[in-house]
Structure formats: structure tokens, C-alpha cells
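# Residue-level structural notes
The lines below spell out each chain.
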Amino acid sequence: ACTGIENIDEAITLLEQNNWDLVAAINGVIPQENGILQSEYGVETLHGPAYGPSHSAAASSAPSSSSAFRHVVPSRQIVERQPRMLDFRVEYRDRNVDVVLEDSSSVGDIKHILENELQIPASKMLLKGWKTGDVDDSTVLKSLHLPKNNSLYVLTPDLPPPSSSHSGALQESLNQNFMLIVTHREVQREYNLNFSGSSTIQEVKRNVYDLTSIPVRHQLWEGWPPSATDDSMTLAVSGLTFPCHRLTVGRRSSPVQTREQSEEQCTDVHMVSDSDGDDFEDATEFGVDDGEMFGVASSALRKSPMMPENAENEGDALLQFTAEFSSRYGDCHPVYFIGSLEAAFQEAFYGKARDRKLLAIYLHHDESVLTNVFCSQMLCAESIVSYLSQNFITWAWDMTKEANRARFLTMCTRHFGSVVAQTIRTQKTDQFPLFLIIMGKRSSNEVLNVIQGNTTVDELMMRLMAAMEIFSAQQQEDIKDEDEREARENVKREQDEAYRISLEADRAKREAQEREMAEQFRLEQIRKEQEEEREAIRLSLEQSLPPEPKEESTESVSKLRIRTPSGEFFERRFLASSKLQVVFDFVASKGYPWEEYKLLGTFPRRDVTQLDPNKSLLEVKLYPQETLFLEAKE
């Protein structure tokens, strides 16, 4: 919607070229008000990108009025001219080498880069890992249709393996941990970072970005060894001092300057040059420097304010305050808290009692005659800086501009009450700067001391120490109360945990009983169903039996006497012509199915259930009478 780019490939290409920084990518293709495409890569017109110094010089020498009518290249033309970058991670034995190339390069270009990195002749390399089959040194990367990130590996079958001692030393270096002490130049804050030897310089810079919010491309470093020329290099081989190495990082100043700033600077220059030069012609003869004419210090001519007027974000305002304070008075100064006043309260007062600190609020005023002396002599004294950093959270505000002054008085009324706000409101300009010492209490924040600018280092230190004594006494009470409260909470927590465990045990026991009862009920139901089924089968068999022949029957009758496993007997007459299956059905109707019981004969002993059930009793020799007994099958 902003850029008019509808091709998703073009959009992704732009984002990749800008390290996925959306704002930078959009600024790179949207014309600015002066008709020039502004991006972090420079200015582009119909004549091409202005990368070189010659273009910059030409642009600066051109009349200012012509820039407003310079023709702008359409965004699609810019995307077509900028090549697509491909990332390759190449693995060789115990090393990983990151290679970034344009897609117009060839496979041979990758080998030449690896030749410098790995010290291996390109002719000895076999570059493997391509998704397609036929790849040689002349193959153009664009023709392979590769993704943004790729993984390859190098084989060197014609080279002997490295010596074990060198490989072992390298592996040991990769396993070592490096302590990097990184100083953030603008805020004078140190970070102690641990990295393994296998981490790359690029990973360090990305971690520092998370801490300082300075993007990698805007980071200006000091302290890297001369051998650390590539961000893909591991710390083990970069030449860092082991185990501890110091580095300094700051934000790279932008070379692009707005026209308003340029015009303002030009106006300032003309204002100075319009003065009558004859009046100051011989000033240097009397030892008076240009910047100290008539007792005016050079710092008074400074145009950069300590804090922007009507700043929307207090954190950004404090960043500018810290940077300007450092440029005026040097790097040895208190570490100012970057954030809102509420965040400073949270940091100082609302942690654990042992970690709480006093809050020192420094109120600056550029128009006070005491400001330069107080800042340079008192506030930047090493003893004061050290004491503040150990015992205080220091927050600052510039009262020079009326809008910033009104904003602080509003914050002061909200947090300290109208009395403190009125006290600060009645302070005259020459009484600034002010140093407020704040102690957090349970219900409110108390201002322990208001220190004015007309003081000495010793007096300032004494008043800081006096405030610290009051705070220490209160802190000990808070620690005692907190320990007692934590002890009570621990007892309550243990009781709650024991009660919870007891409830869990009771619930588990109850659930086990319920499961057992449900299982018993289920088994009982199964047993009943089985009994009912057997009873139904028994009744069915009993009804299907032929009638028992009478004793005076003229047909041949066989009388069988059957003994059950419990010792009982039952008898019945069968026709000698009846099949053996009728006997089995009769036994089953009495509750002894032949699938579960064997019917055994006595003399000779035999298993009648193994005989053919379709034969007659006469055929199986169960005539005229026979005694059988039942036995449960195994």
C-alpha cells in the first residue's frame, strides 16, 4: 500500500537487503519531500546510485533549489538494479565459513573466497551440497534458483588430514569461554557477556543490539583485534585476549543531514560573519580566545540542548541528555537511568528490600552560572560518581526549556505532592542545578534532601552519606519485616502444600476405591450375563432332547448312570439307536457342557467325548447300560 510494489519477490528482496528492517526498506523506495529517494544506501536518481564520493560532492555543489525538481526513479527500477544476496554456510572439517554473494556470481567465486579463508587451493576443493546435479565452477548462482540461506560442505580428497595437535588446539580454543566487557559509550554502562569460542563476531553484535538497541549496521566498535576483519569469524580465531577482553560500542552518527539543519547552521555562520570584524581584530593579542570573548565561555555558545523540547518519550530524552552531557563534561559522570521517572521508581524502590536504593534526581539548567562548575567539578568527581553508582539510581531532567520544566513539575506533583513541587517552582535560575535525594517508603516517596548548585565536593559527599545513613536504617527495618513476612509465607506455603498433598492422596484413594468397585460391578455383570447365557443354552438343550423311553419300551434301551465331579449321580434311559450327541446334550442340560467337561468311561477307561457324536449308543458300546463320570477339562 505504501510503495506500490505488488511482486512478493521484489518485496522480500528489499527486506533482505535492509536486514529485514521494515522502516529502512520502505524509506528506500518512497520519495521524500525533496524528491530524492532516501535510504541507508544513499541517494538514487535516473543517473544511478550515489555511492561514491564524487556523487556526493556533485550533489553538495549543486544549487539547493534544483534538488526539489530532481526526477525520481520509480521503485521498480531500483529493485531491478539491486542484486539479490545469497548466504552460504560452508562446512569444512571443524570449521564453518559464512559467505555472502550476489546471485550473479558463480560457483568459482565461492571457491576463491574459501581459498582465502581456508588456505586451500580452489583446484583441490570439491564443493558439495547443491540441490541440483550438474554444477561446475562456471555455473551462475542465479541459474540454480537457490533460497536465501544455503548449506554446503567442502571435500579435499587430494589433501592429507590436518595434524592432530593443530586440530586439538583449535578444538580447545572453540570450547573456551570468553568474557567480553562491552562498554556502551553513550550511557557509560558496562555489560559482562560470556561467549563460547565457537560464537561468531556477528552473534556478539546481535546480542549487543538486544542490550543497547543499536542495530548492527549502526554500531561503531573499538577494541577488536586487527585480525578480526570478518563478522563470520569465530572468537577463538579472532585474536581476542583470553579469558577477558574489553570492547567499546557506540551509535554511528548519520552522515545525512536535513536541509533545515543545514540552513540553520548557515544562518548561524552568517550571523557571526555579519559582525564587525574590526572590533575583534586584535582580541587574540590580549590572550582572549574567540570562544571566550567578553567572558563568555565556549560552552555557552553551544547550540545543542541537553534535552529536546516537548519530547514524547522520556527514555529518548534521557538518551540525548546523556550523550550531550558526555560531550560537554567527559565520560566520567554518573550513570543516568534511561527511562521514565515511574520506571526509575520501580527500579529503586520496588524490588527486594536488600536490592533497594536511593533515587537521586539531577535537575539541570543551562542558564545558571553554577551549572558548568557543578557538573565539571562536583558531579563528575570520581568519588561522587563511584558513590552514586553504588548506592543510588540517578535520574536527570533538563529544566532549561519552559515546556520541560512544566512537565517535570507535573510529574513532581503526582509523585511527591504539591509542597515539593512548589519548592522546586520557587527556586531561582541561579540556584540551579538541583540534586534531589528521594527515599521510597511503604505509602509514599519522601524527599530527604534538596541540594543546590552552590556547594563543594566535600559538602555534597557529606549530604549524600547522611541521606544514606537514614536510608540504611530504614532498609534494615524493611529487610527484617520482609524476612518475617517471607518466613510466614513459607510456613503458609508449606501448610498449603501439605494440605494439597493430603487432598491429592484422599482423592487418589477415593478414585482407586471407585475404580475397584466399578471393576467388581463390571465382573459381576459379566458373570451374570455368562450365567444367563449358559442357563438359556441349558434350557434350549433340555427342550430339544427327545423324550426318555419307558422301561417297558419294545425298542432297545440303554441305561446310563453319570457321576458328576461333586459326587452326585443322575440317570437316564436312551434308545440304543440314539446318537451320542443326545447324551452330550443331556449332560450339557444339567450344566456340564462338553466344551468344558470330559465324559469318561470306566471299563475300559476311555474319553467318550473324543468319539464321533453322530454314532449311535449301540455303536460306541454304551448298551445296555454303562456308568460314566464327568471330569473338568484342563
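Our subject in this report is the structure included herewith. Being a predicted model, the structure only gives us computed values, none of them experimental.

### Side note on the sheet that holds strand S9 (residues 189-196)
Overall, mixed pairing links the four strands, which are arranged S9-S8-S11-S10 in an open sheet. Taken across any chain shown, the strands that pair with only one partner, and hence form the sheet edges, are S9 and strand S10 (219-222). On average, each strand axis in the sheet is inclined to that of its neighbour by 30 degrees, with strand direction left out of account. As paired strands, S10 and strand S11 (residues 244-251) are joined by four bridges and run antiparallel to one another. Counted as the bridge partner of Glu222 is Thr248 from S11. Along the sheet face, helix H7 (residues 201-212) touches strand S8 (177-184), S9, S10 and S11 and points at about 145 degrees away from the line of S9.

### Here we look at the packing of aromatic side chains
Per the stated rule, a full pass over the model turns up 21 aromatic pairs. Pairing Phe325 with Tyr336 gives two aromatic rings, centres 5.5 Å apart and planes at 75 degrees, and the pair type is edge-to-face. Note that Phe325 is positioned in helix H9 (residues 314-329) and Tyr336 in the loop between H9 and helix H10 (341-349), a separation of eleven residues in sequence. Like Tyr336, Phe325 is buried. Their ring planes at 25 degrees and their centres at 6.4 Å tell us that Trp395 and Phe408 sit as a pair that is stacked. Separated by 13 residues along the polypeptide, Trp395 in strand S13 (residues 392-398) and Phe408 in helix H13 (residues 402-416) bring together distant segments of the chain.

### Description of a nonpolar patch on the surface
A cluster of nonpolar residues, Ile8, Ile12 and Trp20, forms a patch on the protein surface that exposes about 330 Å² of accessible area. By secondary structure assignment, the location of Ile12 is in helix H1 (residues 8-17).

### Quick word on the packing of H13 against helix H14 (residues 418-425)
Angle between the axes and distance between the axes are the two parameters that describe a pair of packed helices. Relative to each other, H13 and H14 sit at 150 degrees, their axes nearing to 7 Å. Classed by the angle they form, the pair H13 and H14 counts as roughly antiparallel. In contact with Arg405, Phe408, Leu409, Cys412, Thr413 and Phe416 of H13, H14 contributes Ser418, Val420, Ala421, Ile424 and Arg425. Looking at the contact of H13 with H14, its residues break down into seven nonpolar, two polar and two charged.

### Some details on the sheet that holds strand S7 (residues 149-155)
In spatial order, the strands read S5-S4-S7-S6; together these four strands make up an open sheet with mixed pairing. Unpaired on one side and paired on the other, strand S5 (95-102) and strand S6 (126-128) mark the two borders of the sheet. Recorded for the sheet is a direction-independent mean angle of 30 degrees between the axes of neighbouring strands. With three bridges connecting them, S6 and S7 associate as antiparallel partners. When the sheet's bridge partners are listed, Leu127 is paired in S7 with Val154. Along the sheet face, helix H5 (residues 107-118) touches strand S4 (85-92), S5, S6 and S7 and points at about 140 degrees away from the line of S5.

### Quick look at the packing of H10 against H13
H13 packs onto H10 with a crossing angle of 40 degrees between their chain directions and a minimal axis gap of 11 Å. In contact with Leu341, Glu342 and Phe345 of H10, H13 contributes Met411, Arg414, His415 and Phe416. For the contact of H10 with H13, the per-class residue count stands at four nonpolar, one polar and two charged.

### Quick look at unusual backbone geometry
Residue Pro243 is reached from Phe242 by a cis peptide bond, and omega for that bond is 5 degrees. Along the chain, Pro243 turns up in the loop between S10 and S11. In this structure, the amide linkage connecting Phe432 to the following residue, Pro433, adopts the cis form with an omega of 0 degrees. Position of Pro433 relative to the elements: it lies in the loop between H14 and strand S14 (434-440). Within the chain, His145 stands out as a residue other than glycine whose phi angle is a positive 55 degrees. Positionally, His145 belongs in the loop between S6 and S7. Here the phi dihedral of Ser213 falls at roughly 65 degrees; this positive angle occurs in a residue that is not glycine.

Rules behind the numbers
- Residues numbered from 1 in each chain as written.
- Predicted model: local features only at pLDDT ≥ 70, side-chain atom pairs only at ≥ 80, totals over all residues.
- Heavy atoms only, no water.
- Pairing = 2+ DSSP bridges.
- Helix = DSSP H or I, 4+ residues; strand = E, 2+ residues; numbered from the N terminus.
- Axes fitted to C-alpha atoms, helices over the stretch in contact; angles between N-to-C directions.
- Contact = heavy atoms within 4.5 Å.
- Phe/Tyr/Trp six-rings, centres within 6.5 Å; stacked < 30°, edge-to-face > 60°.
- Buried < 20%, exposed > 50% of the residue type's maximum accessible area, 1.4 Å probe, protein only.
- Patch = residues over 30% accessible without salt bridge, like charges linked within 9 Å, V, L, I, M, F, W, Y side chains within 5 Å.
- Areas by Shrake-Rupley, 256 points an atom, 1.4 Å probe, with all protein chains shown as cover.
- Salt bridge = Lys/Arg side-chain N within 4 Å of Asp/Glu carboxyl O.
- Parallel < 35°, antiparallel > 145°, perpendicular 65-115°, else oblique.
- Nonpolar A, V, L, I, M, F, W, Y, C, P; charged D, E, K, R; others polar.

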